[in-house]
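Residues per chain are reported as follows:
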Amino acid sequence: MNIEMTKGKKVAFLATICLAGVLLVADAILIPTAYTLYELYANQLNLVNFIVTGYYLVAIIASLIAGKLCEKLSKKAVMVIGAINSTLCAFAMMYSGNIVVMTIGRALHGIGYGFTMTAIIGLILDVFPDEAQSSKYIGYQNASMTIISVILSSVAGNLASVSLKTSYLLHWTIPVYLFSLLLFVPSIKPEKVESAKESKDSNTRFGKRYWLMVLNYFVLGISIYVMAYYGSLYFSENALGDDALSGYFVSVFTFAGLPISVLFGKIYGRLKNRTYTTAAALGAIAMLLFRFVPNTVIAFIAMVLCGFCLAMACVYMYAFVPSAIPAEASTDKAVSVVTSISTLSACLTGYFITFGMSVLKMEKVTSFVIVPAVLLAACSLVALIVEKEE
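Note that this is a predicted model, so its numbers are computed, not measured.

Rules behind the numbers
- Residues numbered from 1 in each chain as written.
- Predicted model: local features only at pLDDT ≥ 70, side-chain atom pairs only at ≥ 80, totals over all residues.
- Heavy atoms only, no water.
- Helix = DSSP H or I, 4+ residues; strand = E, 2+ residues; numbered from the N terminus.
- Rg over C-alpha atoms; globule rule 2.2 N^0.38 Å.
- Buried < 20%, exposed > 50% of the residue type's maximum accessible area, 1.4 Å probe, protein only.
- Contact = heavy atoms within 4.5 Å.
- Areas by Shrake-Rupley, 256 points an atom, 1.4 Å probe, with all protein chains shown as cover.
- Lys, Arg positive; Asp, Glu negative; His and termini not counted.
- Charge placed at Lys NZ, Arg CZ, Asp CG, Glu CD.
- 1 Å grid on protein atoms, 1.4 Å probe; cavity = no way out; pocket = protein on both sides within 12 Å on 5 of 7 lines; lining within 4 Å.
- Points joined across faces, edges and corners; volume = space filled by probe spheres on them.
- Nonpolar A, V, L, I, M, F, W, Y, C, P; charged D, E, K, R; others polar.
- Core = buried A, V, L, I, M, F, W, Y, C linked by side-chain atoms within 4.5 Å.
- Axes fitted to C-alpha atoms, helices over the stretch in contact; angles between N-to-C directions.
- Parallel < 35°, antiparallel > 145°, perpendicular 65-115°, else oblique.
- Left-handed = near helix turned anticlockwise from the far one by under 90°.
- Polar contact = N/O pair within 3.5 Å; in protein donor to acceptor, adjacent residues only side chain to side chain.
- Phe/Tyr/Trp six-rings, centres within 6.5 Å; stacked < 30°, edge-to-face > 60°.

Colleague: Report on the overall build of the protein, specifying residues and quantitative values.
Modeller: Regarding its fold elements, the protein presents 19 helices and zero strands. Relative to its length of 390 residues, the protein is compact, with a C-alpha radius of gyration of 21 Å against a globular reference of 21 Å. Projected onto the principal axes, the alpha-carbon positions of the protein cover approximately 60 × 55 × 40 Å. Considering the protein as a whole, with its 390 residues, one finds that 51% of them fall into the buried category. In the protein, once contacts between residues fewer than 6 apart in sequence are set aside, the share between residues at least 24 apart is 82%. Carbon together with sulfur atoms contributes 66% to the accessible area of the protein, which is approximately 17,000 Å² in total. Seen as two clouds, the 26 positive and the 20 negative side-chain charges of the protein have centres 3 Å apart.

See the structure below:
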C-alpha cells in the first residue's frame, strides 16, 4: 500500500520513527550504571542480571507475538501497546527504587522492545512499498538508534556521578516518544486475509530462501558480536594500549555502522542482492585481520569493518523480507522472526564464545576469532548461492 502524506506530515512521521530509538536503545541509559546496580543489590544478583540482559528473552517472545498482532491490529496500535509497556518501565526505573519493581518494569520493556521493533519495520514497509525508499528509511531509522544511543549513554554516564535516580530521569524520553507516536503516526488497518487457505499460507510458508537467510543472519550475528563484547579483552591480550584507548576501540563498532545506515539506500541500489554477501565478507576479513595482524591501527580498521558488516546485514534483512517470501505470506510475521533472531544472536554470543573456547581448548579471544572468521566466510558464500534464486 502507498500512504499519501503532505510534506509536513511526512517529516513528523519520519521524526517519530527515528525518535522511537529512545525506546529501542533505552539500554544506553542503563549500561553506564550497571556496575552501581550490582553494588547496590549485591544480594539479589539474579534480579540485577535480568534487569541488565535477561529482559531480552521477553523481547524475543514479544517479537513473535507482535508479528501476529500486526495482522489483526494496525501497526500504530501495536507500537502504542509497546510504548505504554516501556513507559511503565520508565516510571518504575525513575521513581520506584525497588529492585523487584524495576525487574517487572524491565520485563515490560522487553514487551515494548519486541512490539516496537517488529511493528516499526512493518510500518515503514507499508508506508514506503517501493524497495529503494523502504531500504533508505529503514537505514535512517537504524542510524537514528546509533545517534540516540551515543547521546543517552554519554549523558547517563555524567548524570550517574550525581545519583542513579538522576541518570534514570532520562527515561522521560520514552513517554515523550509515546506522545509523538499518538499524534504523528497514521493508523493503517491491516489487509484482510481472503480465504482460509491464504491464512494458512501466511502462517507457515515463508519459503526456503527466507529461512536460509534467517539462519545465516543468526550465525552472522553471534559471530560479529564476538568483538563487540570481547573487543576490550582482545585489546588487553595484545597489549595494544591503555584502558582509555580500549574504550574507544569498542565504541568504534557502534559508530562505524552509522554512515552505512545513512547511506544504505545508495549502497543497496548498487549492490542489490549482493549486499548481504558483501557484508559477511567484510566481517570475515575483519576477523582474519584480528587473528593474524594484531596491532593497534589494523585493529581499529578491523573494528570499522565489523560495524559495516552488522549495519549492512541488519538493514538488508529487514528490507529483504518482502521480496523473499511468497506474496500470500505474512510480511509482519516474517519481520517478527528477523527481530527475534537478531535479539537471540546478541543474547547467545557470550555463551558461544565461552563454550567455543572451552571445546577448542583456547585460552585467548585472539585465537578464537578464527572461528567467527570461518563462519562469516561461510555466511558470505551461502548468501551468494541463496540470493541467486532471486
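Colleague: Hey, could you go over the layout of surface pockets for me, with residue numbers and the actual values?
Modeller: Looking at the largest pocket, its volume works out to about 1,900 Å³. Taken together, 49 residues line the largest pocket, and the ones lying closest to its centre are Ile31, Tyr56, Tyr225, Tyr229 and Thr254. Secondary-structure elements contributing two or more residues to the lining of the largest pocket are α3 (27–30), α5 (45–69), α7 (99–127), α8 (131–159), α12 (208–237), α13 (243–262), α16 (296–324) and α17 (331–359). Here the lining of the largest pocket takes nine residues from α17, the largest share from any one element. Class assignment for the residues of the lining of the largest pocket results in 31 nonpolar, 17 polar and one charged.

Colleague: Outline the nonpolar core, listing residues and values.
Modeller: Counting residues in hydrophobic clusters, the biggest one holds 125 residues, and the most contacted among them are Tyr210, Leu220, Met227 and Phe290. Broken down by element, this core gets its largest block of residues, 19 residues, from α16. Aside from chain neighbours lying at most four places away, what touches Leu220 is Tyr276, Ala280, Cys309, Leu310, Ala313, Leu376 and Cys379.

Colleague: If you had to explain the environment of Val297 to someone new, which residues and values would you point to?
Modeller: Inspection of the secondary structure assignment puts Val297 in helix α16. Owing to a relative accessible area of 56%, Val297 belongs among the exposed residues under this scheme.

Colleague: Please provide a residue-by-residue account of the packing of α12 against α16, values included.
Modeller: Two elements in contact, α12 and α16, have axes separated by 10 Å at closest approach and are oriented at 155°. Viewed along their axes, α12 and α16 adopt a mutual orientation that is roughly antiparallel. Judged by the sense of rotation from one axis to the other, the crossing of α12 with α16 is left-handed. Here the residues of the contact of α12 with α16 sort into 24 nonpolar, two polar and one charged.

Colleague: Mind laying out the environment of Ser86, listing which residues take part and the relevant values?
Modeller: With respect to the secondary-structure elements, Ser86 resides in helix α6 (residues 75–95). Considering only alpha carbons, one finds Ser86 and His109, 23 residues apart in sequence, at a separation of 4.4 Å. The residues contacting Ser86, other than those within four sequence positions of it, are Leu23, Leu108, His109, Gly112, Tyr113 and Ile174. At 2.9 Å, the side chain of Ser86 forms a polar contact with the side chain of His109.

Colleague: Any chance you could break down the packing of aromatic side chains for me, citing the residues and the numbers?
Modeller: Any aromatic ring pair is given by two values, namely how distant the centres are and how the planes are angled relative to each other. Summed over all chains, the structure comprises 18 aromatic pairs. Taking 6.0 Å as the distance between ring centres and 50° as the angle between the ring planes, the aromatic pair formed by Tyr268 and Tyr316 counts as tilted. In this pair, Tyr268 is assigned in helix α14 (residues 264–271) and Tyr316 in helix α16, connecting sequence segments 48 residues apart. We note that Tyr268, like Tyr316, is buried. With centroids separated by 6.0 Å and ring planes inclined at 50°, the aromatic side chains of Tyr276 and Tyr316 adopt a geometry described as tilted. With a gap of 40 residues between them, Tyr276 in helix α15 (residues 275–292) and Tyr316 in helix α16 connect regions that are remote in the sequence.

Colleague: Quick one: what's the story with the environment of Thr33, residue by residue and with numbers?
Modeller: Positionally, Thr33 belongs in the loop between α3 and α4 (34–40). When its relative accessible area of 1% is taken as the criterion, Thr33 is described as buried. Along the sequence, Thr33 and Val52 sit 19 residues apart, while their C-alpha atoms lie 9.8 Å from each other. In terms of polar contacts, Thr33 uses its side chain to reach the backbone carbonyl oxygen of Leu30, at 2.7 Å.

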